Structure formats: C-alpha cells, structure tokens
Amino acid sequence: MITRRKFLQRSSLLATTLAASKNGLLNAMPTTTMAMTSTTGAVATMPAALDVSTLPQFVDPLPIPEVAERQGYRPSPTDPKLSIPFYRIQAQSVVSKVHRDLQPTKFWGFGPSSPGPTFETRAGEPLLVEWVNALPNQHFLPLDRTLHGAEADKPAVRTVVHLHGAKTGPESDGYPEDWIVPGKSSLYHYPNQQDAAMLWYHDHTLGINRLNVYAGLLGAFIIRDGVEDALNLPKAKYELPLILYDRLLTHDAQLLYPVSPDPESPWVPEIFGNAILVNGKLFPYLDVEPRKYRFRILNASNARIYHLSFVNNASANNAAANNAPFHQIGTDQGLLPAPVPLTTLEIAPGERADLVVDFSEHRGAQLILKSDAFVVMQFRVSSGKVTDTSSLPPALRPVPKIPESQAVQTRLLTLDEYVNKSGNPVMLLLNASHWKMPVTEKPVLGSTEIWTLINPTNDTHPIHLHLVRFQILDRQPYEPWLFKTKRQLHFLGPPEPPDPNEAGWKDTVQAHSRMVTRIIVPFEGFTGRYVWHCHILEHEDNEMMRPYEVIAAG
Ligand code: C2O
Ligand code: CU
Ligand code: CU
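It should be emphasised that the depicted structure is a prediction, and the values quoted were computed from it without experimental measurement.

## Section: the pairing of strand β13 (residues 239-249)
The element β13 is largely enclosed, with a buried count of 11 among its 11 residues. Side-chain alternation along β13 places E239, P241, I243, Y245, R247 and L249 on one buried face and L240, L242, L244, D246 and L248 on a second face that is also buried. As paired strands, β13 and strand β15 (residues 275-278) are joined by four bridges and run antiparallel to one another. Paired with D246 across the strands is I276, a residue of β15. Counting the residues between successive antiparallel strands, the hairpin from β13 to strand β14 (residues 255-256) contains five residues, one of them, A253, with a positive phi of roughly 65°.

This is the structure:
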C-alpha cells in the first residue's frame, strides 16, 4: 500500500522534473540530487540537471552542419543502367562542445557531428545512402526493457534511419523493426520525386527511438526544384538551417535523460530540457547583414513545442508587441501559396517551417530568438550598407485545395492516453490498438482519405504519417465523454480552418487537446507497410505508433 502523501510527493517531483520547465518559467531543475520513492518502495535517484541560465550567452557562433558529400555513383535499384549518387553515412559516437564554458558532451551523430550533414538534393534526382551503424555496443541512455521492441532479448544498440517527409519505397523508409546492430549497414534508395521541401532524417528504432534521437541521431535533407529557383529567395550564405532541440545536461555537461521512480520501467511520458540547442550549440550568436535571410526551422525535440519570436534586445522583457515581424513561406512539405506574416511561430516536434526574416529594419541592432521564456539565440545585425537582390514574392507555389468529395473513406481514429492511479501516463495508443495488433488502416494506392483524429487527452499530439503529404481540413472542439461512452461526436463549437501558415502541404499535424482534427490525405507513391505515429518520441516509443499499409487497387 502506498500512502496518499507518497503519491503526492512522487507526482509533484515528477511534475517538477518533467513539466515545470515546459514554458521556461522554471529554467533550472532543482540543484540537489533527487530521490524518488517508487510504488515498490525502491528509491531511484537522478543527478540534478545543470542550470544553464548561469552560463554566459552568445559566446559561440552558430555552427552550420556541413553539406553531405557524395562518395561516387552506384547503379539505381529501379534501373540498373542508370548511375545515381551514392552516399555513405555512419552513425557513431561523437563529442562536441555545446558551449564555450562547458566540457565536451558525448553524443551519437551521423558522421563526425550532431546534427549530421545536410543533404542538398534536387527533385527528380534519386540517390542512394548506405546507413552504417558504427555505434558502440553499449547504450549510454536509460533503456526501458518493458517497452515494445526493447525487451531484454533485443540488442541494446540498434539503429534504423527514416527520412521524415520522403516519398520513399517501404524497404527504404526505415520501418521501426528494420533495425541493424553495430557493424551492419542498410542501403536505402531515395527517389526524390516530390516538391522542394526540407525533410529530415533521424533514427526510428522500435522502443528506443526517443533515446537514439536524444543522443543526436538526426540531420537535415533539403530538396530543391525549379519552382523554388524561380522565386529568387535568399540563398547560399543567406539561407541557413536552424535545427532546434532541447536537452538536459549533467554538471559535467553530459546528456541527462530523466527516468521514472520505477527502476524496472524508467520510461517517462515526456521530457523538457532547459538547454535549447540550435544546430548543436547552446545560446549561439549569428552575425547577419541588414537584409533578408531564409531560415529553415526544424523542431527535432523529443517533446517540446516552441513558440518562436524575434525580439529586439533592448525590449527583451517587454510584451509581444515588440516582436519583430517575419514571414513564413513554407511548411513541412514545401512552399505555401503566399508568404504568411507572423510575429510568433508555433512549431511542434517533427514539423518544419521555412521563414524569411528581414533584418534591414534592424541595422546595427541585436535580435534575440526566444521561445516562451527561453532565450534561444542571438542575431547581430551589422550596420554597413548592403544591397539585397533577393525577393519575397507575393505568390509562391499554388496549393490546390483537395475537395472533401474526393475522399473515398473517412476513418475515425482516437488518440488515447492511459494513466496510473497517481495520474501519470503509463502508455499511449492510437485507436486503442497496440503496435503488434493486425493492421487496420489499409488505404488504396491512388485514393484519398479523410483521417479524423479524435483527441480526448489534455495534450497536443503532433501526428505524423510516413510516405504521404496531406492538408488540414479543420479542427473542432467536441465532448470527449459522450464519444468515449456512446461513440457520439457532439461538437462544442464550429470547425476552425487551419491557421494560414498551416494551409499548405503537411506531413505532421498538431492534434490539439479535446479537439477533432481532420486531415485529407492522398495516398500516392508506393504500396507497402508504413507507419503513422505521434512525434512526441516518448509517446511513440510507448505504443503511440501503428503500422498502416498502402494496398494496390483491386
Ligand atoms: Cu520524423 Cu516516423 O518520423
Ligand atoms: Cu516520417
Ligand atoms: Cu503524443
């Protein structure tokens, strides 16, 4: 028996650890080692996280990941007469200084760095990547052997790489069970038959995906095309990826991944770090000219949703009214129909945003990129005169709205969270189904479906489908209890259209709490087995992922 006081103590400690820094209100974790009592009476300890708010800010320049280098050419698997570019990328242990005043941190990276190299590719030009697992045989983050796919009979160190946002055959998609152990490699084929967009590659191993990505196994993959070229957007040194992820560090600057009080089952429902890294650096600065820049933003965090704004240094503590305006020109899957003016960008794990920020109004000033109460990075705008020949065209790329009448099937799919007696989540499911249960979603190749995501939980779940791109139809508040007990959809308000900056092609959608979110999805490209899942990686690893199968027309 466990007393109510113990429950409270336990859940408040968990709350401190996991949630207090969600909005940056509590920037640091408690500085003493925490002892937590589990239901079995065992005590789990966790070293306290480094309070990064005491570090000097803006002492390191923003690093830019190198561009991936082709190793040569190999025959195309679909047409052996054709030679296509071949890359070899190795997952390996790397060390990197995240801040001038900290010791080097151990990460796992693709190639010599984390984030890994950025692929620069063009639509219609296929390529091959040999993904090599050259990691050590021991994992350095806390595995949970009770999770599906991570049982004691599975090797501790496994990887499989998924190219998020790619229209790729199932054998190259990084199916979560297609993992390989150290010393092995997989050859993947990326046709790149899709519009210009920034995709990203990351680990997708069943049951340990959250740990492998937290360790640093991620990188950017950019596809360009003629439509984008013709727009004369800022390019070359005026176009930069900003890959954001939050981490907790120990006092000797090593990655800290929190654990639950139960040593048998260390899984935690979400992690929120107090150190927000940009391209692998903490509080970096970037020297910019007073002109337009294009920033390719990726939220590669395990669980954190960012609310990004560019704030003038002098007014950093003032209200949102002082946020510098900027434009969003693209979503996950490419260009929007027209630039959308914004002062704050909300971006959830897995999502990308293509921004144009004009620093010409801020000559000689310093802008801070902030998210809620967190300082992310600094832009130092030079004061010299520059000529900016790039443009921000009023029209970008048409995104024809898919009519609802095109859908041949509507699926009602629930997002489910299961809690224990103390209210802590213990598992999450899609449509009340476990990973291992038979495939229930079998869209026909070439058909269009509406997926109605019903979210009775108190959290936003960023839901991602592999292979496809989709459009958001609407979100509508509903009454969860009636649906749960009677399967009746009783709406509490009118449907809300997607925000203007979501009204393009997407591959990840924020399914908000107590809302029904509808997406319309053309299933194009390939038949075969894929997955859909929540992109909060802790959720994904604890069953919030399901296979789906694209089948051939009968
Ligand atoms: Cu970015 Cu299935 O993932
Ligand atoms: Cu994906
Ligand atoms: Cu989720």
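## Regarding the sheet that holds strand β35 (residues 545-550)
In space, the four strands of this open sheet follow the order β32-β30-β34-β35, with antiparallel pairing throughout. The sheet is open, and its two edges are formed by β32 (508-511) and β35, each paired on a single side. Neighbour to neighbour, the strand axes of the sheet diverge by 25° on average, direction disregarded. Here strand β30 (residues 461-465) runs beside strand β34 (residues 528-534); their pairing, made up of three bridges, is antiparallel. Bridge assignment links H464 to a residue of β34, and that residue is H533.

## Some details on the coordination of the copper ion (ligand 2)
Summarising the metal site, the copper ion (ligand 2) is bound by the protein donors H162 (NE2) and H464 (NE2), whose distances to it range over 1.9 Å. Of this pair, H162 sits in strand β9 (residues 161-164) while H464 sits in strand β30; the two residues are 302 residues apart in sequence, bridging distant segments of the chain. Neither H162 nor H464 differs from the other in exposure class; each is buried.

## Some words on the coordination of the copper ion (ligand 3)
Note on the copper ion (ligand 3): its protein donors are H461 (ND1), C534 (SG) and H539 (ND1). The metal-donor distances range over 2.0 to 2.1 Å. For the copper ion (ligand 3), all donor residues lie on one chain, and their spacing in sequence is H-x72-C-x4-H. Of the two residues, H461 is situated in strand β30 and H539 in helix α5 (residues 537-541); the sequence distance between them amounts to 78 residues. The same class applies to H461 as to H539, namely buried.

## With respect to a nonpolar patch on the surface
Taken together, L412, L489 and F491 make up a surface patch of nonpolar side chains, about 210 Å² in accessible area. Residue position: L412 is located in strand β27 (residues 407-419). Judged by relative accessible area, L412 falls into the partly exposed class, the value being 34%.

Rules used in this analysis
- Residues numbered from 1 in each chain as written.
- Chains lettered and ligands numbered in written order.
- Predicted model: local features only at pLDDT ≥ 70, side-chain atom pairs only at ≥ 80, totals over all residues.
- Heavy atoms only, no water.
- Buried < 20%, exposed > 50% of the residue type's maximum accessible area, 1.4 Å probe, protein only.
- Helix = DSSP H or I, 4+ residues; strand = E, 2+ residues; numbered from the N terminus.
- Pairing = 2+ DSSP bridges.
- Axes fitted to C-alpha atoms, helices over the stretch in contact; angles between N-to-C directions.
- Donors = N, O, S within 2.8 Å, 3.2 Å for Na, K, Ca; no water.
- Patch = residues over 30% accessible without salt bridge, like charges linked within 9 Å, V, L, I, M, F, W, Y side chains within 5 Å.
- Areas by Shrake-Rupley, 256 points an atom, 1.4 Å probe, with all protein chains shown as cover.
- Salt bridge = Lys/Arg side-chain N within 4 Å of Asp/Glu carboxyl O.

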